[in-house]
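# Understanding the architecture of this molecule
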Number of protein chains: 2
Amino acid sequence: MQLTQIGVVHSPFDRASGTPVQPFCAAGTEGHIEVFDPYLDGLHDLDGFQRIWVLFWCHRSNRPKMKVIPYRDTVAHGLFATRAPSRPNPIVLSTVRLYEISGNMLHVGELDILNGTPVLDIKPYVSQYDSYPAQRCGWLDDNRAKRGVIVADNRFEMV
Amino acid sequence: MQLTQIGVVHSPFDRASGTPVQPFCAAGTEGHIEVFDPYLDGLHDLDGFQRIWVLFWCHRSNRPKMKVIPYRDTVAHGLFATRAPSRPNPIVLSTVRLYEISGNMLHVGELDILNGTPVLDIKPYVSQYDSYPAQRCGWLDDNRAKRGVIVADNRFEMV
C-alpha cells in the first residue's frame, strides 16, 4: 500500500487554530487545489460537478489516540466515532464547492484544510451516492455537543 | 505517508463482476468489517451512528488510466470525474449502514466491497457535514448515463 501525492492545497490557513472544522463551517473561504502534471488528463469533465470530494493526507496531525475529545464536544469518544484528523491513517475527506478549473488549478470554496496539505485523490460528489439527509448521528445529536464550535484549536496538531 | 491496515472486509463478493457499484445499489447486501485489536477502543460510541464511512484500499484494482469509461456510461471521462476504483491512490469511500458492533466485528449493510479488502479508516456519517441532496452531477445528470447499471464488471480488476 504505497501512497502517491497527486497535488497540494493552497489555502489561507497556516495553523490548525482558527481553521474551520468542516466545509459547512467554511462559508466564504476560498482556495485552490493544485494537481500535478501527470494527473491533468484525469480532470476532464470534472467541471460538471458542483461539489467534489478531496482526500487529504493530514501531514501536520499528531499521533492518534483511540479516545479523543473532539472539537464539538466536552467529553471523550472513540476516535472512529469522530472526524478528528489524528488517525492511524490521517486521511481526511472534505466535500468542497468547485468553482472553476483553470489548467492544473481547481478554484474551490468551503475549504477547511491547512495550506500545503498533500492531496491524495479527487472524486465527484454524487448526491445519489453520498447524500443521506436525516441520519441518526450519535453524540452529535446530543445536547452536550458544542454545536457553536466552528473553528479548530491545536489539540490535534503536531508540535 | 505510510499506510496502516486497521481491519479487513468480510463480504459475499469474491470478484468484481457482479459486485454492486455503490452502496445504494447494494440493498439487502450484508457483511462485516473486522477491526484489528490495537484499534478496538476507537470504536466506542460509534454504535450511535446509523451510517459510517469506511475507507478501503482497493488492492485488486488494476493500474489507473487518466481517461476511463465508467460502469454507468458508454463514453470516457477523466478519472477524477468518476468513482472508478483504479486510481493513483486506490482509496474507495463507502457509506454503509451500521447494524451492530459485536467486539471487533461491525455488522454492516449496503456493502459494495470485495471480500478481503484492507480497511484504512472508519468515520461517522454526519448528515450536517456530508449530505448535499441536490447537487449538479456532470455526466451523471446526462441521459447517456447507463442509470440501470448497478453491478460492476471486471474492467478495473487486476488480472
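Here goes a summary of the coordinates provided. Position numbers for residues start from 1 in each chain and track the written sequence from start to end. Lettering for chains starts from A, numbering for ligands starts from 1, and both go in the order in which the items are written. With the structure being a predicted model, the display of local features is reserved for residues of pLDDT at least 70 and the display and counting of side-chain atom pairs for 80 or more, all residues being used for whole-chain, interface and lining totals. Computation of side-chain values covers all heavy atoms of the structure but excludes hydrogens and water.

### Considering the sheet that holds strand β1 (residues 7-10) of chain A
All names here are of chain A. When DSSP finds at least two bridges between two strands, those strands are taken to pair. Numbering of helices and strands starts at the N terminus; helices are DSSP runs of H or I of at least 4 residues and strands are runs of E of at least 2. Around the barrel, 6 strands lie side by side as β1-β2-β7-β6-β3-β8; this closed barrel has antiparallel pairing. Within this sheet the neighbouring strands show an average axis-to-axis angle of 45°, counted without direction. Sheet topology note: the strand β3 (residues 51-57)/strand β8 (residues 118-124) ladder contains 5 bridges and is antiparallel. Considered in β8, the bridge of V54 is made with I122. Under this scheme, a helix contributes an axis fitted over its contacting stretch, all axes are lines through C-alpha atoms, and angles between N-to-C directions fall in the 0 to 180 degree range.

### Things to note about the sheet that holds strand β2 (residues 30-35) of chain B
The sheet built from 6 strands closes into a barrel, its strands ordered β1-β2-β7-β6-β3-β8 (chain B) with antiparallel pairing. The sheet shows a mean angle of 45° between the axes of neighbouring strands, direction not considered.

### Here's the deal with the relation of the copies chain A and chain B
Superposition of the copies used a least-squares fit over C-alpha atoms from residues whose pLDDT is at least 70 in both. For the pair chain A and chain B, the superposition axis carries a translation of 0.0 Å, the fit reaches an RMSD of 0.0 Å, and the rotation angle comes to 180°. Classification of the inter-copy transformation places it as that of a two-fold axis. It is S131 of chain A whose C-alpha, among those of chain A, lies nearest the rotation axis, at 2.1 Å. By definition, residues are in contact when any of their heavy atoms lie within 4.5 Å. Of all interface residues in chain A, 100% are interface residues in chain B too; the two copies therefore contact each other through one and the same surface.

### Quick look at the pattern of salt bridges
Should a side-chain nitrogen of Lys or Arg be within 4 Å of a carboxyl oxygen of Asp or Glu, the pair is scored as a salt bridge. This model, assessed by the stated rule, comprises 12 salt bridges over all chains. The shortest N-O distance in the salt bridge between D121 of chain A and R87 of chain B comes to 2.7 Å. Here R87 of chain B lies in the loop between β5 (77-78) and β6 (91-102) and D121 of chain A lies in strand β8, a pairing that spans two chains. E110 of chain B is the salt-bridge partner of R51 of chain B, the closest N and O atoms lying 2.5 Å from each other. Residue R51 of chain B is found in strand β3 (residues 51-57), and its partner E110 of chain B is found in the loop between β7 (105-109) and β8 (118-124); the two are separated by 59 residues along the sequence. For R51 of chain B, a relative accessible area of 4% gives the class buried. Among the charged side chains, a salt-bridge network with shared partners connects R87 of chain A together with D121 and K123 of chain B. Whether a residue is buried, partly exposed or exposed follows from its accessible area with a 1.4 Å probe, protein chains only, as a fraction of its type maximum: under 20%, in between, or over 50%, in that order.

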